[in-house]
There are 4 protein chains.
Amino acid sequence: MNGQNPSLGRKFDLLMVFLIIISVVLMILETMPELASLQRIFLRLELAFVVIFIVAYVVRVLVSRPRRAYIFGFYGIIDLLAILPALLLPAASGVRVVRLLRVFRLIRLFKLSRYSSAIRLFQVALRDIIEELVLFLVFPIMVVLALAFGIYHFENPVQPEYFRSVPASLWWAIVSLTSVGYGDAYPITTGGKIFTSFMLLVGMGVVSVPSALLATALSKAAQERRSPNESSLQ
Amino acid sequence: MNGQNPSLGRKFDLLMVFLIIISVVLMILETMPELASLQRIFLRLELAFVVIFIVAYVVRVLVSRPRRAYIFGFYGIIDLLAILPALLLPAASGVRVVRLLRVFRLIRLFKLSRYSSAIRLFQVALRDIIEELVLFLVFPIMVVLALAFGIYHFENPVQPEYFRSVPASLWWAIVSLTSVGYGDAYPITTGGKIFTSFMLLVGMGVVSVPSALLATALSKAAQERRSPNESSLQ
Amino acid sequence: MNGQNPSLGRKFDLLMVFLIIISVVLMILETMPELASLQRIFLRLELAFVVIFIVAYVVRVLVSRPRRAYIFGFYGIIDLLAILPALLLPAASGVRVVRLLRVFRLIRLFKLSRYSSAIRLFQVALRDIIEELVLFLVFPIMVVLALAFGIYHFENPVQPEYFRSVPASLWWAIVSLTSVGYGDAYPITTGGKIFTSFMLLVGMGVVSVPSALLATALSKAAQERRSPNESSLQ
Amino acid sequence: MNGQNPSLGRKFDLLMVFLIIISVVLMILETMPELASLQRIFLRLELAFVVIFIVAYVVRVLVSRPRRAYIFGFYGIIDLLAILPALLLPAASGVRVVRLLRVFRLIRLFKLSRYSSAIRLFQVALRDIIEELVLFLVFPIMVVLALAFGIYHFENPVQPEYFRSVPASLWWAIVSLTSVGYGDAYPITTGGKIFTSFMLLVGMGVVSVPSALLATALSKAAQERRSPNESSLQ
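Given the structure is predicted, the values throughout are model-derived calculations rather than measurements.

Caption draft 1: Focus on unusual backbone geometry. Residue and element names in this part refer to chain A. Its identity is not glycine, yet Ser-179 carries a phi of approximately 65°, on the positive side. Locating Ser-179 in the fold gives a position in the loop between helix 8 (166–177) and helix 9 (190–226). Ser-179 gets classed as buried once you look at its relative accessible area, which sits at 8%.

Caption draft 2: Inspection of the packing of aromatic side chains at higher detail. All told, the structure shown has 28 aromatic pairs over all chains when counted by the stated rule. Taking 6.1 Å as the distance between ring centres and 25° as the angle between the ring planes, the aromatic pair formed by Phe-49 of chain A and Phe-53 of chain A counts as stacked. Taken as a pair, Phe-49 of chain A and Phe-53 of chain A lie in helix 2 (residues 39–63) at a separation of four residues, close to a single helical turn. For the residue pair Phe-49 of chain A and Phe-53 of chain A, the accessibility class agrees, reading buried in each case. Among the aromatic side chains, those forming a connected cluster through ring pairs are Phe-163, Trp-172 and Tyr-186 of chain A together with Trp-171 and Tyr-182 of chain B.

Caption draft 3: View of the nonpolar core. Grouped together as the largest cluster of nonpolar side chains are 42 residues, with contacts concentrated most on Leu-147, Trp-172 and Leu-177 of chain B together with Phe-53 of chain C. For this core, the secondary-structure elements that each account for two or more residues are helix 7 (118–155), helix 8 (166–177) and helix 9 (190–226) of chain B together with helix 1 (6–29), helix 2 (39–63) and helix 8 (166–177) of chain C. Of the residues forming this core, the biggest block, nine residues, is contributed by helix 7 of chain B.

Caption draft 4: Structural context of the confidence of the model for chain A. Residue and element names in this part refer to chain A. Put simply, chain A has an average pLDDT of 75, and 69% of its residues get 70 or more. Mean pLDDT values over the elements of chain A span from 49, in helix 5 (residues 95–104), up to 92, in helix 8. Confidence over residues 91–99 falls short of pLDDT 50; this stretch has ten contacts with residues more than four positions distant or in other chains. Note on residues 229–234: pLDDT is under 50 here. Beyond four places in sequence and across chains, it has two contacts. Reported confidence for the predicted complex is 0.78 by ipTM and 0.81 by pTM.

Caption draft 5: Expanded view of helix 2 (residues 39–63) of chain B. The first and last C-alpha atoms of helix 2 of chain B sit 36 Å apart over 25 residues, in line with the 36 Å expected at 1.5 Å per residue. For helix 2 of chain B, the set of buried residues is Phe-42, Glu-46, Phe-49, Val-50, Phe-53, Ala-56, Tyr-57, Arg-60 and Val-61 of chain B.

Caption draft 6: A look at the pattern of salt bridges. Going through the model one piece at a time under the given rule, you end up with four salt bridges over all chains. Across the pair Glu-34 of chain C and Arg-164 of chain B runs a salt bridge whose closest N-O atoms are separated by 2.6 Å. One end of the pair, Glu-34 of chain C, is in the loop between helix 1 and helix 2; the other, Arg-164 of chain B, is in the loop between helix 7 and helix 8, on a second chain. Arg-164 of chain B gets classed as partly exposed once you look at its relative accessible area, which sits at 36%.

Caption draft 7: Molecular detail of a nonpolar patch on the surface. Residues and elements named next belong to chain A. A cluster of nonpolar side chains, namely Val-51, Val-55, Val-58, Val-59, Leu-62 and Val-63, defines an oily patch on the protein surface of about 480 Å² accessible area. Within the secondary structure, Leu-62 sits in helix 2. For Leu-62, a relative accessible area of 54% gives the class exposed.

Thresholds applied
- Residues numbered from 1 in each chain as written.
- Chains lettered and ligands numbered in written order.
- Predicted model: local features only at pLDDT ≥ 70, side-chain atom pairs only at ≥ 80, totals over all residues.
- Heavy atoms only, no water.
- Helix = DSSP H or I, 4+ residues; strand = E, 2+ residues; numbered from the N terminus.
- Buried < 20%, exposed > 50% of the residue type's maximum accessible area, 1.4 Å probe, protein only.
- Phe/Tyr/Trp six-rings, centres within 6.5 Å; stacked < 30°, edge-to-face > 60°.
- Core = buried A, V, L, I, M, F, W, Y, C linked by side-chain atoms within 4.5 Å.
- pLDDT = per-residue confidence, 0-100.
- Contact = heavy atoms within 4.5 Å.
- Expected span 1.5 Å × (residues − 1).
- Salt bridge = Lys/Arg side-chain N within 4 Å of Asp/Glu carboxyl O.
- Patch = residues over 30% accessible without salt bridge, like charges linked within 9 Å, V, L, I, M, F, W, Y side chains within 5 Å.
- Areas by Shrake-Rupley, 256 points an atom, 1.4 Å probe, with all protein chains shown as cover.

Okay, here's the thing in structure tokens:
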């Protein structure tokens, strides 16, 4: 990923990060009905960015030494996906389709992470706990499922509109166990309240474990990077 | 738990995990009113799964060398409980009873954990902190009780429909301290608001300690497993 | 705190824990309007418990060797406060006053912690971080105050009923920063939403630090207790 | 920052902390419509405090030995900003403007942190993780943006009043990912619910990482401060 000319490559990367941020801000602003009068300007800027990103993709393909490595690599595919909707845009003129493609263009954001060294630290931490992380995702899934089945049993006869089925109850279970609690649905039966209370107290600890594991691993990876040969000093 | 023929036992276990996941997905789908027309197909698939799980139970009983160890062991009892409702199904034909039994069949999910090595890591971590975990569950219970009694005192005279009794206030206290906050009930008196503010700031830390302890212990157990003789190298 | 006769003292302590739990359950049940018909039984049981706790207090005073240490110690004062409302009960016959005294009797719960070794671990952990804990409580207070002042500025002109004053906004700020979010009040102005978004992202980390510090210290204290002379082995 | 006469400087600092706390309490109380009758007293006390803080600023400028270091230093600028609105007050007589200035005076609160040693511990911890903290702020921002774009796509056609634009959806995304969940807006389409469920389970871990990193670093910094030459003893 390090270019042949480090100084030039660095400047090019910084410019790209800057352009990606600007284009994301434009994507946000053009959804505002208050700025509907500026829609024409947004479209032109959008077009300019599409041209820039296509040129940047072509340059990258030409410059990267093992050309295959970039084109079929993770970032090459993301870069292609990010410009693909723009290439298909003229063909798809329906408003609804274009909006859907806009969401797809969000992948551009991932290019941001490309230029940061955080990814490497993240990868080290993730490799360190990937086994535990996957294994401990089983517990949260089981807790969420158990809560959804249980609440469906208790609340479906009383509130069939909110707890229509287990999939509908799954939405409520995830919103509850992540402690968001919008309040669009909540148990009203005594059984449902007791069951939910128990599951919240027990289940929340289980649901928060993967996130806690990730934070601890990141903290440790960051620490080890700073003092890699601490043990060799003894 | 390791079979005589490791290769065959492993394949059997993987097949069972696959079947359990399919049967859980079916259990979820058959609750959807939108798929009511497929109810007959669900029932037949359900029957097929019941037969498979009964056969699997019998095979396990026959294959396991100290037969007692399996039948009266934790997993043997879970396996039996998971097929028991199906065995009793023909007798219980009432719709209401069958629905209740469906919830009971969720225990099948626990069989999932049987085949994963996460359980062992979990057991090590749990054994490591079981004493602290039990002891520190006393604090959250005290905080929840104190919040329920206090809010009952402040809010019952003003909102008797929401804070009808201490058990009813316990529901609100747990929903608040786990930070879910559905918004179905909240204090409206100045005293109740001040008391709740104080309890939230102080109590949330206490309530989150068990979950934090568990995450730390898991992270440490995972780390020690990777480098078990770290100290012997010095 | 260790009695002269360890075996007898231990049995006495266990009995007291059992009685405290029963009396707390009774206190919870007697608030239920559904059980209003049992009110007479609750009163008699309550009376019995009061007598028992008074006797236990007297016994403790007589038995404890340096009598002053118990009477003027932390637990002696709690024991006295827990029976005091019962002693004053006959004088105060107003229903409202009696209810208020009931809340006061909750202090009995703290006696529970008396018999557990968790307290010692908690004390070690607390002593270890008391300085940081106090210091880092300054940041959450500042964040809560800043959020309350800010939201009062943005929302008071538009929603004077919900953000009537800074103290009223403090309630909303605490409910928001502890992530409970009942939904009884929320910003509706663009300025208020931007300000709240920023404060939530920045402030939540700060508010959760004391709780995280406590959990880490507890985990470390528990670990050190298990291997107290780890360093002396090297 | 240590004065020439430590004893006198310490007393001066403690007095200032006391005065700042009193002035903050006054600022809170004067917003209460219930205390509107005391408005005249509040104004006079406010005037007294302004005079005191101006005098304190002048004294500090005169006393500090490298005068520039204070005047152009972080605390000198904060001290000046905190008294600036008061100096401009006579000119600005409009009620609306005065209220805005009041918010600005909140900077006074930061002077509180000036006198505490917590700042130093905070600085050590922050310096230790500043790199990771900045880098890992990129992930939460990406998650929040992705959630806002996605929910805008799913919910805008159905609930245009709540998910009017991406900036409006950003408010909902931040309230959701910080697990506050006021319940003023929530997805009602199946696609929106599935997307939100997925983002909550995955994104919450990512959003909580910076806060967890900070807590771990603080805990470690506190620990190292207590035993700075632990390794040199071996």
